[in-house]
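# Observations on the three-dimensional arrangement
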Amino acid sequence: MALAEKVLRKVHKLNLIPKAIKLLPRLSFGLAVLSILWLVTLPQDGNYRNCYISENALMPGQVTSYFRESEWNYVRGYRHEIHQLESQPIEQRNEIITQWLEDLGLPVSRHHNGFTNDTLYSIMHASRGENTEAMALVVPWVNSDDEFNEGAMALGMALMHYFQRISIWSKNIILVIPPDGKQSLRTWVNAYHTSLDDTAGSIEAAIIMEYGKQGDGFQYYDMFYEGLNGQLPNLDLLNTANQVGQNEGISCSVQGISDTGINFTSRLKTLFSGILRLVVAGSRDVHGHEAFSGWQIQAFSIKAKGTQGHDVTQFGRIIDSTFRSVNNLLEKFHQSFFFYLMLSPKHFVSIGTYLPSAVMLAVAYAFGALNAILNSNIGLSQIPQNFTKLLTIAVVSELVCVGLSVLIPQVPLESLSYVLWGLSVLPVFAVKSRGQQSSNTTSFALIGLALLLIAFLITALLIVHYALALTIGLLAIPLTFVPTIIMKNRPLAILCLAISNPFFLFIVANQYFGEDFFAQLITSWTQLQCWTWLVVVLGWFPSWLMVAYATTGVSIIEADVARKI
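Residues numbered from 1 in each chain as written. Predicted model: local features only at pLDDT ≥ 70, side-chain atom pairs only at ≥ 80, totals over all residues. Heavy atoms only, no water.

## A look at the sheet that holds strand S12 (residues 347-350)
Across a sheet, paired strands are connected by hydrogen bonds in the backbone, their directions being either parallel or antiparallel. Put simply, the rule is: Note on pairing: DSSP must find at least two bridges between two strands before they are called paired. We count a stretch as a helix when DSSP gives it H or I for four or more residues in a row; a strand needs E for two or more, and each element gets its number in order from the N terminus. Pairs of residues are marked as contacts when any of their non-hydrogen atoms sit within 4.5 Å. Orientation is described by lines fitted to C-alpha atoms, with helices fitted over the stretch in contact, and by angles between N-to-C directions that extend from 0 to 180 degrees.
With antiparallel pairing, three strands are arranged side by side in an open sheet as S1-S12-S11. Two strands close off the open sheet at either side, each with one partner strand: strand S1 (49-50) and strand S11 (340-344). Strand direction decides the pairing type here: S1 and S12, joined by two bridges, are antiparallel. From the neighbouring strand, Asn50 faces S12, where its bridge partner is His347. Relative to S11, helix H9 (residues 264-279) is tilted by about 140 degrees, and along the sheet it contacts S11 and S12.

This is how it looks when you write it as structure tokens:
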């Protein structure tokens with residue numbers, strides 16, 4: 001107690017509290033910069049961990065896969081027949097695949113999704129199982145590059161032929177053949193858990209296979225694992241597949257960056273590419289594993305790249321050995337990590353290491369909120385008197401955004417660009433042209449409330465969707481500058497508002513990705529239930545509207561008088 005009193009007296013004597021209040025703008029900006037620096041240091045030696053298998057029962061590479069040259073003729077035969085189906089309507093392709101599967105003794109079911117062609121699925125019941133658990137092998141007719149998935153379809157049929165000859169299975173195997181890996185697969189997954197009659201129990205793991213027209217060989221494989229809404233598969237599943245690939249001598253690429261010649265630069269690129277891909281998951285480059293998000297199914301996509309180097313059966317052995325490892329499990333994936341960032345196929349960062357970067361961003365916005373109130377020369381005693389007005393403005397802003405969240409998805413995709421430009425330009429124009437002014441107390445208190453809401457938003461998203469929390473925190477950081485510069489340089493404050501408007505940033509994203517990212521974001525919500533759109537329009541945009549409204553109400557004359565007093 002005596003020590004606490006001594007510290008308090010020292011703080012009061014040195015006048016530290018007023019000095020700290022004046023430093024709030026710099027502290028806020030410094031924490032934002034420190035957040036980025038924290039991420040940059042993660043790929044350094046000592047800050048990351050080597051990948052390893054936590055669940056001993058998986059035992060990857062402990063058994064010999066017999067999917068070898070003896071199966072190559074089956075792959076070649078199926079590929080020859082499937083190649084001739086490319087020009088046929090998908091209904092005829094499904095009929096032929098159905099006949100092939102029935103010839104193997106496998107029952108075939110169909111899911112009628114109501115908006116596109118049917119999804120075929122066939123269940124191979126395990127000879128040693130209780131029909132309560134399953135693994136899914138997904139082979140879309142069209143891969144993520146909109147290319148005919150010829151090699152994957154041939155491999156899928158050959159693998160089912162091969163799986164039937166093995167009596168080790170304790171889990172059912174489901175072969176799923178959707179028209180694509182997007183909405184049709186998502187609706188099948190939802191129907192499997194809700195309305196389908198022919199099921200095979202709980203799906204423990206799913207692998208989506210992409211192998212185009214490479215022919216008999218490929219060079220390496222790409223792995224994609226980012227699910228919807230920040231969800232990731234258990235790291236043990238990825239490590240199992242990569243361990244099998246290493247045993248086969250096959251190079252793996254994550255985020256388009258190879259595992260050969262791993263260094264600080266490659267790890268850093270993989271880190272930030274992974275964060276970006278996790279933010280836009282479901283909006284672009286949809287591979288199929290995203291469809292299994294939300295059902296506690298560990299899923300990833302594997303895509304063959306190149307044309308020479310390895311035999312096609314080696315690609316099949318990755319699938320075979322991974323399934324055999326999952327088949328060893330007596331329970332669901334529960335060990336290892338569900339929250340991580342990959343630096344390479346061999347290195348990762350766990351949640352306890354990368355989470356402080358987002359925490360610092362949340363604190364930066366909290367400091368920005370304090371700065372808006374304590375450094376704006378407003379009467380703190382007047383804030384309770386304006387509480388009703390503050391609450392009214394906040395509720396109206398949120399209701400406007402709720403209306404936008406409902407109405408914009410109803411707009412035809414070809415007209416979304418007009419909506420985007422309108423929401424990017426009109427609010428800023430209104431800020432410049434609005435003549436009515438409020439008291440500075442109301443305005444700065446409203447800015448403080450808006451910044452505090454963003455801090456709460458980042459805090460709420462910290463664990464469930466770290467990448468989205470970090471991205472929103474970094475892109476909206478110009479809002480923290482507004483209370484400091486609004487009374488000194490109003491045009492600069494308006495510029496900060498303009499570049500922190502999420503709809504303006506969507507326009508920038510359209511240019512960066514070279515496609516209509518905003519339309520894809522809306523589609524990801526309506527078709528895949530990816531709630532990135534809702535977080536932006538119901539969390540970020542209401543706070544932006546509140547700051548924009550408050551900026552119009554700041555009276556420069558009143559501020560000058562207050563400073564002179």
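## Some remarks on the packing of aromatic side chains
Put simply, the rule is: Pairing of aromatic rings covers Phe, Tyr and Trp, the last counted by its six-membered ring, and requires centre-to-centre distances within 6.5 Å; plane angles under 30 degrees mean stacked, over 60 mean edge-to-face, and any other angle means tilted. For a lysine, the NZ atom is tested; for an arginine, the CZ atom; a charge sits over a ring if that atom is within 6 Å of the ring centre and within 35 degrees of the ring normal.
Counted by the stated rule, this structure contains 26 aromatic pairs. Just above the ring of Trp141 sits the side chain of Arg93; from NZ or CZ to the centre is 5.2 Å.

## What about the pattern of salt bridges?
Put simply, the rule reads: Salt bridge criterion: a side-chain nitrogen from Lys or Arg within 4 Å of a carboxyl oxygen from Asp or Glu. Residue burial is assigned from relative accessible area. The probe radius is 1.4 Å, only protein chains are included, and a residue is buried under 20% of its type maximum, exposed over 50%, and partly exposed in between.
All told, the structure shown has 12 salt bridges when counted by the stated rule. Here Glu95 makes a salt bridge to Arg110, at a shortest N to O gap of 3.1 Å. With Glu95 in helix H5 (residues 90-103) and Arg110 in strand S2 (residues 108-111), this pair connects stretches of sequence that are 15 residues apart. On the basis of relative accessible area, Arg110 is assigned to the partly exposed category, the value being 29%.

## What about the UniProt feature "transmembrane region" (unreviewed entry) in the chain?
The cut-off we apply is this: UniProt positions are given in the numbering used here, feature names are shortened, and annotations may be inferred rather than shown by experiment.
Per the UniProt record, the feature "transmembrane region" (unreviewed entry) sits at residues 354-374, 386-409, 415-431, 443-462, 468-486, 493-513 and 533-557. With 88% helix and 0% strand, the stretch residues 386-409 has end C-alpha atoms that lie 36 Å from each other. Regarding residues 443-462, the helix share stands at 95% and the strand share at 0%, and the terminal C-alpha atoms are separated by 29 Å.

## Let's talk about the sheet that holds strand S7 (residues 217-224)
Taken together, the nine strands give an open sheet; going across it, the order is S2-S3-S5-S4-S6-S10-S7-S8-S9, and neighbouring strands pair in mixed fashion. Lying at the two open borders of the sheet, with one neighbouring strand each, are S2 and strand S9 (257-258). Pairing analysis gives five bridges linking strand S3 (residues 119-124) to strand S5 (residues 172-177), with the strands arranged antiparallel. Pairing of Ile123 across the sheet is with Ile174, part of S5.

## Some words on unusual backbone geometry
Of note in this structure, Asn229 is not a glycine but carries a positive phi near 55 degrees. Its location among the elements puts Asn229 in the loop between S7 and helix H8 (235-247). Residue Gln296 is not a glycine yet carries a positive backbone phi of 55 degrees. Secondary-structure assignment places Gln296 in the loop between H9 and strand S10 (298-311). The class for Gln296 is exposed, based on a relative accessible area of 60%.

## What about the side chain of Thr322?
Tracing the backbone shows Thr322 in helix H10 (residues 312-327). Once you skip the residues sitting within four places of it in the chain, Thr322 turns out to touch Ile207, Leu237, Thr240, Ala241 and Val244.

## Considering the environment of Thr459
Position of Thr459 relative to the elements: it lies in helix H14 (residues 440-461). For Thr459, a relative accessible area of 44% puts it in the partly exposed group. Spatially, the C-alpha atoms of Thr459 and Leu24 are 20 Å apart, while their sequence positions differ by 435 residues.

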